[in-house]
Amino acid sequence: MKHYLEVQFTLSGPLPPESKGEIEELFKQFTEKTQESRDKGEFKITEWKTKGTKLDITISSVDSLSPHVAVLRLRKKLSAAIGKKYRVGLRGFAFIKYIIETELEEKPVKEFTLPLVKNLEFFEEKGKSYVKIEIDPEIEEDFVEKGAIERIVRRVGEKISKQHYGAKREHHQISWYSGEKKHHTEENPTQMMQKANWIQRTNYRNQWILSPTITALAEALKHIMIDYVYEPLGFNQMMIPKLVDWSIWLRSEHAEGIYQGGFEPYFVVQPKSADPEYFEEIADYITITKTIPLEKLAEKVSAPIGGLSYAQCPPFWAWIQGKTLAKESLPIKVYDWSGPTYRYESGSAYGFERVDELHRIETLFIGSPEQVKQIGMAVKDKLRVIFEEVLDLEVREAKVTPWWLQQSAHEDEMDSAEDLVVGTIDYEAYMPYRGSREESEWLEIQNISIIGQKYPKGFSVKAEGNIELWSGCGGGSFERFLTAFISQKGLDKDNWPNKFLKYIDKLPEPVKFH
Ligand code: ATP
Ligand code: MG
Ligand code: ZN
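Residues numbered from 1 in each chain as written. Chains lettered and ligands numbered in written order. Predicted model: local features only at pLDDT ≥ 70, side-chain atom pairs only at ≥ 80, totals over all residues. Heavy atoms only, no water.

### With respect to the nonpolar core
The test is simple: Put simply, a nonpolar core is a bunch of buried Ala, Val, Leu, Ile, Met, Phe, Trp, Tyr and Cys residues held in one set by side-chain atoms that sit within 4.5 Å of each other. Note on classification: 1.4 Å probe, protein chains only; a residue is buried when its accessible area is under 20% of the maximum for its type, exposed when over 50%, partly exposed between these limits. Helix and strand labels come from DSSP, where a helix needs a run of H or I of at least four residues and a strand needs a run of E of at least two; each type is numbered from the N terminus. The contact definition used throughout considers only heavy atoms, calling two residues in contact when any of these lie within 4.5 Å.
Among the nonpolar cores identified, the biggest contains 56 residues, and Val379, Phe387, Ile445, Trp496 and Phe500 are the most heavily contacted of them. Where this core is concerned, the elements lending two or more residues are helix H5 (189-195), helix H6 (212-233), strand E18 (360-367), helix H10 (369-390), strand E20 (423-429), strand E21 (443-452) and helix H14 (478-489). Top contributing element to this core by residue count: H6, with 10 residues. The contact partners of Phe500, leaving out residues within four places of it in the chain, are Leu217, Ala220, Leu221, Ile224, Val390, Leu391 and Phe485. In terms of nonpolar packing, the next biggest core, distinct from the first, is built from 46 residues, Leu11, Ile57, Tyr86 and Leu114 among them.

Have a look at this one:
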């Protein structure tokens with residue numbers, strides 16, 4: 001890797017001429033030390049000069065210390081050397097020019113740009129592919145300190161590999177199957193439920209009104225979850241917030257996968273002012289025209305402050321963020337069904353199995369690696385009993401690429417011990433109306449993941465006595481459970497399994513319309 005940097009430090013005052021020798025010596029020692037600490041490569045401070053309150057330095061390096069890292073280190077050393085003696089402080093630095101040249105594994109399919117990069121140039125030499133990255137000189141100092149340069153270089157490679165292989169390779173391996181079950185219908189479950197007035201579309205995309213009839217079935221499923229999973233395994237219910245600000249999605253790393261396939265949130269905005277006068281014009285307009293002036297309204301609201309609950313568990317972590325959990329409180333075992341989750345499901349209109357406003361059950365557990373593995377497997381086994389025995393569904397389990405690997409670029413960040421057990425299992429149900437078992441697409445109704453250290457690390461959570469902390473979680477929606485169930489069993493209660501019927505006192509009669 002080749003680097004060339006021209007950087008300018010701003011000083012609190014001019015440096016006296018007698019300081020020159022000292023600075024020269026400091027640079028010389030720094031260069032020598034850098035060279036000594038590496039057996040290859042070349043690091044050079046090729047030029048430096050001061051003029052007024054500016055100190056300009058030019059650094060070039062080949063397969064050696066990156067100049068921007070050198071700048072961060074030199075800043076400290078310079079401050080110490082000239083601060084006390086000459087009463088001159090370092091105010092900060094700015095890049096004049098920063099060029100990084102590195103070899104690429106593959107050449108890009110097409111050119112692209114990146115934020116904080118002024119120019120990207122791809123070229124070939126002797127059959128090898130290279131990129132010349134010119135960093136935007138306006139890049140903020142604190143971004144440089146926090147690793148943005150390194151991530152820019154990594155991002156170039158990631159984007160090229162994505163161009164070649166598309167999104168992350170999907171992995172799908174069936175690990176268990178209930179075997180064939182008798183199904184009582186081959187009709188489309190959404191249409192059946194619509195005709196029976198169990199569910200009704202709203203004016204808004206992929207949103208439904210759940211009538212008392214279907215709500216009674218969702219309630220039955222809640223009781224089943226409690227009796228079969230949460231009671232025996234000692235889980236407690238809690239209420240996780242459903243409005244999620246950026247700080248959460250930054251730490252959970254959802255933000256960096258935004259609309260990249262796997263994280264499609266609804267955004268939330270705030271009024272720029274809550275003063276009645278600020279909105280008076282809008283209110284008058286609506287009163288007179290009975291329409292909403294959307295563009296005018298858009299001017300009066302902020303950029304998104306975050307969005308609506310998407311994956312349900314991330315906002316949980318704000319509760320224990322930065323804390324040290326007492327040993328006696330571990331493992332933590334909770335579940336949440338306190339409100340809907342929102343996803344912008346793009347494409348055509350979907351049925352009840354793919355809605356924009358969904359009602360999910362989230363199951364979440366935190367503890368030592370052993371605890372988390374043990375709980376994860378226990379939850380998985382109990383869920384199997386619910387799907388296979390209580391609901392009598394034809395289902396299978398599949399090991400799949402975990403969502404957090406699908407949406408962000410962190411494959412290489414998992415350590416190998418985690419690698420063996422960390423992962424996701426999906427439950428999938430056969431949907432007879434879609435065709436044969438072999439050829440049709442089965443419906444994912446639930447997943448369960450052992451996530452390892454990702455969340456405790458991301459939210460800086462520790463445990464007493466430095467116990468390593470892991471987490472795991474799973475989710476499944478009532479919409480998916482019920483679509484799968486109706487798809488196999490139909491609407492007629494006589495065809496429903498007794499173990500399920502036990503949980504339904506009386507199914508409310510659907511409201512009839514004339
Ligand atoms: P799919 O690939 O089918 O879109 P997903 O991978 O996006 O599913 P997850 O993010 O793993 O789903 O969420 C877990 C569970 O949430 C799913 O198993 C399903 O029960 C439920 N779920 C997800 N998206 C929807 C949706 N749009 N409508 C209803 N339920 C959903
Ligand atoms: Mg999805
Ligand atoms: Zn979760």
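### Some words on the pattern of salt bridges
Side-chain pairing between opposite charges can occur once the charged atoms of the two side chains come close. For clarity, the cut-off: Any Lys or Arg side-chain nitrogen found within 4 Å of a carboxyl oxygen on Asp or Glu counts as a salt bridge.
Summed over all chains, the structure comprises 27 salt bridges. The shortest N-O distance in the salt bridge between Glu22 and Lys85 comes to 3.2 Å. A residue pair is termed long-range when its members are at least 10 positions apart, and Glu22 in helix H1 (residues 20-36) and Lys85 in helix H2 (residues 67-86) qualify at 63 residues. Residue Lys85 is classed as exposed on the basis of its relative accessible area, which comes to 53%. One salt bridge in this structure joins Glu253 and Lys454, with 2.9 Å as the shortest N-O distance.

### Describing the site of ligand 1
Going by this rule: Nearness is judged by heavy atoms alone; a residue qualifies as near a molecule or strand once a single heavy atom is within 4 Å of it. Any pair of N or O atoms that falls within 3.5 Å is considered a polar contact. Within protein, one atom must be able to donate a hydrogen and the other to accept it, and sequence-neighbouring residues count only if both atoms are side-chain atoms. Note on areas: these come from Shrake-Rupley sampling with a 1.4 Å probe, and a residue is covered only by the protein chains present in the view.
Looking at ligand 1, there are 15 residues lining it, with Glu345, Arg354, Glu444, Asn447 and Ser477 nearest. At 2.7 Å from a nitrogen atom of ligand 1 is found a side-chain nitrogen or oxygen belonging to Glu345. Between a nitrogen atom of ligand 1 and a main-chain N or O atom of Val355, the distance comes to 2.9 Å. Protein contact buries 82% of the 590 Å² of open area that ligand 1 shows by itself.

### Regarding the packing of H1 against H2
Quick reminder of the rule: Axes here refer to lines fitted to C-alpha atoms; in helices the fit is confined to the stretch in contact. Angles between the N-to-C directions go from 0 to 180 degrees. To sort the angles, those under 35 degrees are grouped as roughly parallel, those over 145 as roughly antiparallel, those from 65 to 115 as roughly perpendicular, and the leftovers as oblique. Left-handed is the label given to a crossing in which the near helix is rotated counterclockwise from the far helix by less than a right angle, and right-handed is the label when the rotation is clockwise. Polar here means any residue outside two lists: the nonpolar Ala, Val, Leu, Ile, Met, Phe, Trp, Tyr, Cys and Pro, and the charged Asp, Glu, Lys and Arg; Gly therefore counts as polar.
For the pair H1 and H2, the least separation of the axes is 11 Å and the interaxial angle reads 150 degrees. The angle between H1 and H2 falls in the class roughly antiparallel. Viewed along their axes, H1 and H2 form a crossing whose handedness is right-handed. Seen from H1, the contacting residues are Glu22, Ile23, Leu26, Phe27 and Phe30; seen from H2, they are Ala70, Arg73, Leu74, Lys77, Leu78, Ala81, Ile82, Lys85 and Tyr86. Across the contact of H1 with H2, the residue classes break down as 10 nonpolar, no polar and four charged.

### Quick look at the sheet that holds strand E6 (residues 128-135)
Applied cut-off: DSSP calls a pair of strands paired once it identifies at least 2 bridges connecting them.
Strand order across the open sheet formed by six strands is E2-E3-E1-E4-E6-E5, with antiparallel pairing between neighbours. Each edge of the open sheet is held by one strand with a lone partner, namely strand E2 (42-51) and strand E5 (117-125). The average angle at which neighbouring strand axes cross in this sheet is 15 degrees, direction not considered. Two strands pair when backbone bridges link them, and strand E4 (residues 90-104) and E6 are joined in this way by six bridges, in the antiparallel orientation. Residue pairing across strands places Glu103 opposite Tyr130, the latter belonging to E6. Of the strands in this sheet, E2 and strand E3 (54-62) touch H1, which is tilted by about 165 degrees from E2. Across the sheet, H2 touches strand E1 (2-11), E2, E3 and E4, and the angle it forms with E4 is around 155 degrees.

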